[in-house]
Every structure is written in structure tokens, then in C-alpha cells.
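Close look at the chain arrangement
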Amino acid sequence: MAAHKAELAAALCLLVAVALPDLAAAGAECGCSDDAAGRDKARALRLKIVAIFCVLLGGAAGAAVPSLGRRFPALRPGTGLFLAVKAFAGGVILATALVHILPAAFDALGSPCLAGRGPWREFPFAGAVAMLAAIATLVVDTVATGYFRRTVARKAAAVVDEPPPEPGHHCDGDDLEAPDGHHGHAHGMSVLAPAPAGGGDDLVRHRVVSQVLELGVVVHSLIIGMSLGASDFPSTVRPLVPALTFHQLFEGIGLGGCIVQAKFRLKSVVAMALFFSLTTPVGVAVGIAISSVYEETSPTALVVQGLLEAAAAGILVYMALVDILAEDFMSARVQSRARLQLALNASLLLGAGMMSMLAIWA
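Predicted, not measured: the structure shown is a model, and the values here were computed from it. Sequence order sets the numbering: in each chain, residues are counted from 1 along the sequence as written. Predicted model: local features are reported for residues with pLDDT of at least 70 only, side-chain atom pairs are reported and counted for 80 or more only, and whole-chain, interface and lining totals are derived from all residues. The side-chain values count all of the structure's non-hydrogen atoms but skip hydrogen atoms and water molecules.

Each helix is a run of H or I in the DSSP string that is no shorter than four residues. Each strand is a run of E no shorter than two, and both are numbered from the N terminus. Scanning the protein chain from N- to C-terminus turns up 10 helices and 2 strands. When its helices and strands are written in sequence order, the protein chain yields α-α-α-α-β-β-α-α-α-α-α-α. Note on classification: 1.4 Å probe, protein chains only; a residue is buried when its accessible area is under 20% of the maximum for its type, exposed when over 50%, partly exposed between these limits. By residue count, 44% of the 362 residues in the protein chain fall in the buried class. In the protein chain, of all internal contacts separated by at least 6 residues, the share reaching a separation of at least 24 is 83%. For the protein chain, the exposed surface amounts to about 18,100 Å²; the carbon and sulfur share of it is 68%. Should any heavy atoms of two residues lie within 4.5 Å, those residues are considered in contact. Computed by Shrake-Rupley with a 1.4 Å probe, the accessible areas treat only the displayed protein chains as cover when residues are assessed.

Counting through the fold element by element, Asp-328 comes out in helix H8 (residues 299-329). Polar contacts, as counted here, are pairs of nitrogen or oxygen atoms within 3.5 Å of one another; within protein the pair requires one atom able to donate a hydrogen and one able to accept it, and residues that are adjacent in sequence qualify only if both atoms are side-chain atoms. At a separation of 3.3 Å, a polar atom in the side chain of Asp-328 contacts the side chain of Lys-86. Apart from residues no more than four positions distant in its own chain, Asp-328 is found in contact with Leu-83, Lys-86, Val-334 and Leu-344.

Here, nonpolar core means buried Ala, Val, Leu, Ile, Met, Phe, Trp, Tyr and Cys residues that are tied together by side-chain atoms lying within 4.5 Å of each other. If you look at the biggest cluster of nonpolar residues, it comprises 45 residues, and the most contacted ones within it are Leu-213, Leu-316, Met-319 and Leu-344. Mapped onto this core, the elements with two or more residues apiece are helix H3 (80-109), helix H4 (125-161), helix H5 (199-230), helix H6 (234-262), helix H7 (266-290), H8 and helix H10 (338-357). A per-element tally of this core places H8 first, with 11 residues. If you look at the next biggest cluster of nonpolar residues, it comprises 11 residues, including Ala-51, Val-237, Leu-240 and Leu-244.

Let's shift gears to the layout of surface pockets. Of the voids in this model, the second largest pocket is the one considered here, and its volume is about 880 Å³. Counting residues per element, the ones that place at least two in the lining of the second largest pocket are H3, H5, H6 and H8. With 7 residues, the top contributor of residues to the lining of the second largest pocket is H3. Taken together, the residues of the lining of the second largest pocket sort by class into 17 nonpolar, 12 polar and 7 charged. In the cavity and pocket records, a cavity denotes points on a 1 Å grid over the protein atoms alone where a 1.4 Å probe fits but cannot get out, a pocket denotes an open set with protein on both sides within 12 Å along at least 5 of 7 lines, and lining residues are residues with an atom within 4 Å of a point. Grid points are joined across faces, edges and corners, and a volume is the space filled by probe spheres set on the points. Residue polarity follows a fixed list, in which Ala, Val, Leu, Ile, Met, Phe, Trp, Tyr, Cys and Pro are nonpolar, Asp, Glu, Lys and Arg are charged, and the others, Gly among them, are polar.

Looking now at H6. A helix is expected to span 1.5 Å for every residue after the first. Look at H6: 41 Å from first C-alpha to last across 29 residues, which is about the 42 Å you get at 1.5 Å a residue. Approximately 35 degrees is the largest bend angle found in H6, and it occurs at Val-241, with the proline Pro-242 only one to four residues beyond. Burial within H6 is extensive, with 22 of its 29 residues counted as buried. One or two positions beyond H6, positive phi appears at Lys-263, with a value near 55 degrees. The seven residues ending at a residue and the seven starting there each receive a fitted axis; the angle between those axes is the bend at that residue.

Should a side-chain nitrogen of Lys or Arg be within 4 Å of a carboxyl oxygen of Asp or Glu, the pair is scored as a salt bridge. According to the stated counting rule, one finds 3 salt bridges in the structure shown. The salt bridge partner of Lys-86 is Asp-328, with a shortest N-O separation of 3.3 Å. One end of the pair, Lys-86, is in helix H3; the other, Asp-328, is in helix H8, with 242 residues separating them in the sequence. Each member of the pair, Lys-86 as well as Asp-328, is classed as buried.

This part takes up H10. Relative to the 28 Å expected for 20 residues at 1.5 Å per residue, H10 spans 28 Å between its end C-alpha atoms, a close match to the ideal helical length. Within the sequence span of H10, burial applies to Leu-340, Leu-344, Ser-347, Leu-348, Gly-351 and Met-355. Along the axis of H10, the buried residues cluster in a sector spanning 100 degrees; they form a single face. H10 presents Ala-338, Arg-339, Leu-342 and Leu-349 as exposed residues on the side facing more than 90 degrees away from its buried surface. Residues of H10 that are buried sit in contact with H3, H6, H8 and helix H9 (332-335). Directions drawn from the helix axis to the C-beta atoms are what define this arc.

Two aromatic rings, taken as a pair, are described by how far apart their centres are and by the angle between their planes. Centres within 6.5 Å are what make two rings of Phe, Tyr or Trp a pair, Trp counting through its six-membered ring; a difference in plane orientation under 30 degrees is then read as stacked, over 60 as edge-to-face, and the rest as tilted. Overall, the coordinates contain 4 aromatic pairs when judged by the stated rule. Here the aromatic residues Phe-88, Phe-246 and Phe-250 are joined through ring pairs into a cluster of three or more.

Okay, the side chain of Ser-221 next. On the secondary structure map, Ser-221 appears in helix H5. By relative accessible area, which is 0% here, Ser-221 ends up buried.

Structure, rendered in C-alpha cells:
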């Protein structure tokens with residue numbers, strides 16, 4: 001699964017690299033340009049450098065919060081507090097998709113700069129792409145989960161068919177970490193056998209969810225980072241620094257919660273958290289590098305940005321509602337406890353409300 005994630009990340013970076021020359025070259029073709037009043041490249045650059053470190057720290061801190069369950073039992077998966085944090089994160093991701101990303105996609109693909117330049121203003125492509133992205137996420141989610149479940153089942157069956165070890169023979173396999181976090185002495189592929197109560201299925205499900213969610217978050221984070229880095233207006237950059245810092249903090253909490261439930265090994269957890277934390281700062285750095293030639297109102301830039309934003313919105317809407325919120329809200333444990341149900345609903349509304357308020361500045 002890690003190899004597939006690396007391939008997706010490489011493909012995303014390749015898409016951005018291929019599109020950058022076109023985004024810059026198309027800038028002079030559109031008459032919709034920003035007013036030069038208020039432009040101060042030196043001052044904006046200082047703010048953007050501050051933004052790189054602030055956003056990096058915010059994303060890393062958010063992704064690390066759910067991992068504190070290793071030290072604080074109240075934050076471990078399955079506890080009421082963890083479920084409340086997860087509901088808060090689900091509200092954040094849902095608001096990110098519907099309040100931040102999707103309106104930006106509609107604005108980009110409906111820009112006056114695209115008048116007479118194809119069918120972009122004649123059809124609601126942003127909504128259509130978001131819908132297709134949500135359907136594609138459903139397909140990937142179900143196909144990937146089914147594939148890995150079948151793989152685990154085949155390996156478990158192979159273990160059952162193995163002859164028993166000879167009496168007095170001791171295996172010298174490495175200590176492997178079981179899904180519940182305890183260490184056991186295992187040999188061969190027996191460690192991949194699913195847990196008796198369906199824990200193996202849940203583990204596979206959480207691992208697929210965490211990686212698909214990270215893909216959607218990363219696409220959006222890269223775009224907003226490039227937008228901030230390409231701006232030479234201090235009045236635009238200044239309010240974005242705290243707004244994007246909290247934005248990454250909240251998104252990091254949501255992604256971190258899914259990563260914790262997936263129970264990856266420590267090396268994979270650190271890699272996924274770093275990948276998320278670095279995406280927006282890297283996007284800011286790329287935006288700084290192309291700020292002298294990049295024109296955000298060029299037709300090519302608007303189309304590429306609008307399509308990617310719409311796809312990211314569709315992915316995040318599906319992940320928030322289906323994979324993060326529905327699983328917990330529809331569980332028998334939550335529905336049988338009125339206080340827990342109230343706490344989760346309040347956390348959901350709080351997360352969605354706080355992230356929606358950030359749209360005033362970002």
C-alpha cells in the first residue's frame with residue numbers, strides 16, 4: 001500500500017510540474033489582471049517565509065495530536081474523547097470541501113477570464129468533477145478494501161494449511177506487532193491472519209481510508225500553498241498565514257485520527273504525517289519560485305486550479321461523510337448512549353463551524 005501511495009504522490013507532482021510552464025505562459029493572454037496597487041514583493045516574501053514555518057508547525061502538531069493516545073489513555077481509539085475529536089475532524093474536513101474548496105472551484109471555472117475560451121462557463125464543470133471524484137473515490141475505496149481483504153484471507157488460509165511444527169521445535173521469528181498494539185512471537189505469514197472478531201477487516205478498512213483521505217488533502221494543500229506563494233500582495237498574504245496555520249492544524253487532526261486507527265508501524269505513521277505536513281510549505285516554496293511568471297488569472301491556471309479543486313472537494317466530501325462520520329455515528333455504541341451522541345454532534349458542528357469561519361480570511 002505504501003508503494004501505491006508513493007506512485008500517486010509522484011503522479012501528482014508530475015502533473016503539477018507539467019502544468020507549471022503552461023500556467024506561466026498563459027498569463028499574458030488574459031486581460032483580467034490584478035491591480036498593481038499594494039504590490040510589495042520584498043514584504044510579501046518575508047510573510048511567505050513566516051508562513052512556511054507556521055503552516056509546517058500547524059500541520060505537524062495537528063497530525064501528532066491523535067498519536068498522543070500512546071501516552072494518554074483518554075485519547076486512544078475507541079474512547080469517547082477520541083470519537084469526539086474524530087467527529088470534530090470530520091466537520092473540519094467537510095467544511096474544507098464545501099466552504100473552502102468547492103466555491104473556489106466554481107469561481108475559477110466561472111471566471112470572466114474564461115469567456116469565449118471553451119465550454120467552461122457554459123456548464124457547471126466544478127460540480128460535475130466533484131461528483132465524479134466522489135464516485136471514483138467510492139470505487140477505489142470498495143475495490144481496494146475488497147482486494148486487501150481477499151489477500152489477507154488467502155494468506156490466513158495458507159497458514160491454516162501449513163503442517164504443525166515438530167515437537168520441541170521453536171521458531172526464531174522476529175517479534176511482530178499485532179493490530180492491538182501488543183507484541184507477539186510469530187512466524188511466517190500468520191501475523192496477517194484477521195482478528196477473531198473482525199478486527200482484521202476493520203484494520204484493512206482503516207488503512208485504505210487513511211491513504212485515500214491523505215491523497216485528497218494533499219491535492220488541496222498543494223494548491224493553496226502555491227496560491228499563497230505566488231501572491232506578491234502583503235494584504236493578501238498576511239491574513240492567510242494564521243488562517244492556513246489553523247486550517248492545517250484541523251486537517252492534521254482529522255488525518256492523524258485515521259492514521260492512528262489504521263495502526264501502521266511507527267515508520268509509516270511518521271512518513272505519512274511528514275508527507276502531509278510538508279505539502280503546503282512545499283507548495284508555498286513552488287509559488288515563490290514561479291511568482292515572477294505566474295498569473296493566477298490566466299485561462300490555463302484557472303482551468304487547472306478549478307478542476308483539481310473540484311476533484312479534491314469530491315474526495316473529501318465522500319471521505320468525511322462515509323468513512324469518518326458515518327462509521328461512528330451509526331454504531332450501536334453511540335446510538336445507545338445519549339450523552340455520547342450529543343457530544344459527537346456538538347463536536348461535529350464545532351469543527352464545521354470553526355473551519356467555515358476561516359473562510360472569511362482564507
